[in-house]
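Summary of structural features
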Amino acid sequence: MNCTSKILLIFVLLAVSTTAENKTSIQLPSPETTGKVSVEETLAKRRSIRNYQSTSLSMKDLGQLLWSAQGITAKWGGRTAPSAGTTYPLELYVVAGNVESLEAGLYRYVPVSHKLNMVSKGDIRDKLSIACLGQQSVRKAPVTIIIAADFSRTKKRYGERGIIYVYIEVGHVGENIYLQSESLGLGTVAIGAFNEKLLKELLKINEEPLYVMPVGKK
Ligand SMILES: Cc1cc2nc3c(=O)[nH]c(=O)nc-3n(C[C@H](O)[C@H](O)[C@H](O)COP(=O)(O)O)c2cc1C
């Protein structure tokens, strides 16, 4: 291969990798760390909401919700929700069906860069609803956040007790999503009734799904 061919090849490889990065990794808008609604007000008004308007969710709101759940808030990596021994066993998946300027698909949230990585394309809300025993909130919501756990991260440190810690932790994250939704004028519901096997197959994940939280405008 001569020198010109080599340079050409490098350009082609660079172009391909840039396109792949653009396709699969989406930067979310920076989260707000102050708001107009007090914590007391969100606590007083929080309710499980299962019906949503058909309007789309903005990227700003989606980013804010994900940040409230697992966003990085300290230089050493501390997050919005506490974690036993800072083992951070939880992963967030996003089923997007109707989010402004976001292609319908399945995404994974990357806390450290506040980005979404695309897992697969296409609207899977109907299938997600089936995995959630036909619950309509999931079918109708513009977006659903799935909180899944890699128990081994916490068990490595705490043994069998780590299992309890992971279940406690998902409660913290779920409540953060409830309160953040309320402050944004959105509604959500924590769904625990789903077919675990079907859901894992649909999302093609190794982690254990613990909570499914559809979110939409009230
Ligand atoms: C562990 C857990 C599992 C739940 N699973 C579901 C569910 O599968 N579907 C649903 O619509 N609501 C579910 N909920 C929401 C409860 O039904 C709701 O919190 C309860 O009715 C009280 O209403 P509130 O949240 O508005 O105060 C669940 C709540 C918890 C804590």
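See above for the structure.
To keep things clear, this report deals only with the structure shown in the data block. (Residues numbered from 1 in each chain as written. Predicted model: local features only at pLDDT ≥ 70, side-chain atom pairs only at ≥ 80, totals over all residues. Heavy atoms only, no water.)

Right, let's get into the site of the ligand. Near the ligand the following residues occur: Arg46, Arg47, Ser48, Arg50, Gln135, Val189, Ala190, Ile191, Gly192, Ala193 and Tyr211. Within the side chain of Arg46, an N or O atom sits 2.8 Å from an oxygen atom of the ligand. At 2.9 Å, a backbone N or O of Ala190 approaches a nitrogen atom of the ligand. Here the ligand loses 55% of its free accessible area of 610 Å² to cover by the protein chains. (Near = heavy atom within 4 Å. Polar contact = N/O pair within 3.5 Å; in protein donor to acceptor, adjacent residues only side chain to side chain. Areas by Shrake-Rupley, 256 points an atom, 1.4 Å probe, with all protein chains shown as cover.)

Spatial ordering of the open sheet is given by E1-E4-E3-E2-E5-E7-E6, a layout of 7 strands whose pairing is antiparallel. In the strand order of this sheet, the two ends are held by strand E1 (25-27) and strand E6 (186-188), each with one partner. The average angle at which neighbouring strand axes cross in this sheet is 30°, direction not considered. Where strand E5 (residues 143-149) lies against strand E7 (residues 208-217), 7 bridges are found, and the strand directions are antiparallel. Opposite Ile147, over in E7, you have Tyr211 as the bridge partner. Of the strands in this sheet, E1, strand E2 (90-96), strand E3 (105-110), strand E4 (115-121), E5, E6 and E7 touch helix H3 (residues 59-70), which is tilted by about 160° from E2. (Pairing = 2+ DSSP bridges. Helix = DSSP H or I, 4+ residues; strand = E, 2+ residues; numbered from the N terminus. Axes fitted to C-alpha atoms, helices over the stretch in contact; angles between N-to-C directions. Contact = heavy atoms within 4.5 Å.)

Our focus in this paragraph is the side chain of Glu91. Mapping Glu91 onto the fold places it in strand E2. Separated by 2.9 Å, the side chains of Glu91 and Arg108 make a polar contact.

Our next topic: the environment of Thr154. Following the sequence through the fold, Thr154 ends up in helix H6 (residues 151-158). The class for Thr154 is buried, based on a relative accessible area of 0%. The residues touching Thr154, leaving out its near neighbours within four places in the chain, are Thr87, Pro89, Gly159, Gly162, Tyr165 and Val166. (Buried < 20%, exposed > 50% of the residue type's maximum accessible area, 1.4 Å probe, protein only.)

In this section: the packing of H6 against helix H7 (residues 161-183). One can describe the packing of H6 onto H7 by two numbers: an axis separation of 7 Å at closest approach and a directional angle of 135°. Relative to H7, H6 is oriented oblique. Between H6 and H7 lies a crossing whose hand is right-handed. On H7, the residues that touch Phe151, Thr154, Lys155 and Tyr158 of H6 are Arg161, Gly162, Ile163, Tyr165, Val166 and Tyr167. (Parallel < 35°, antiparallel > 145°, perpendicular 65-115°, else oblique. Left-handed = near helix turned anticlockwise from the far one by under 90°.)

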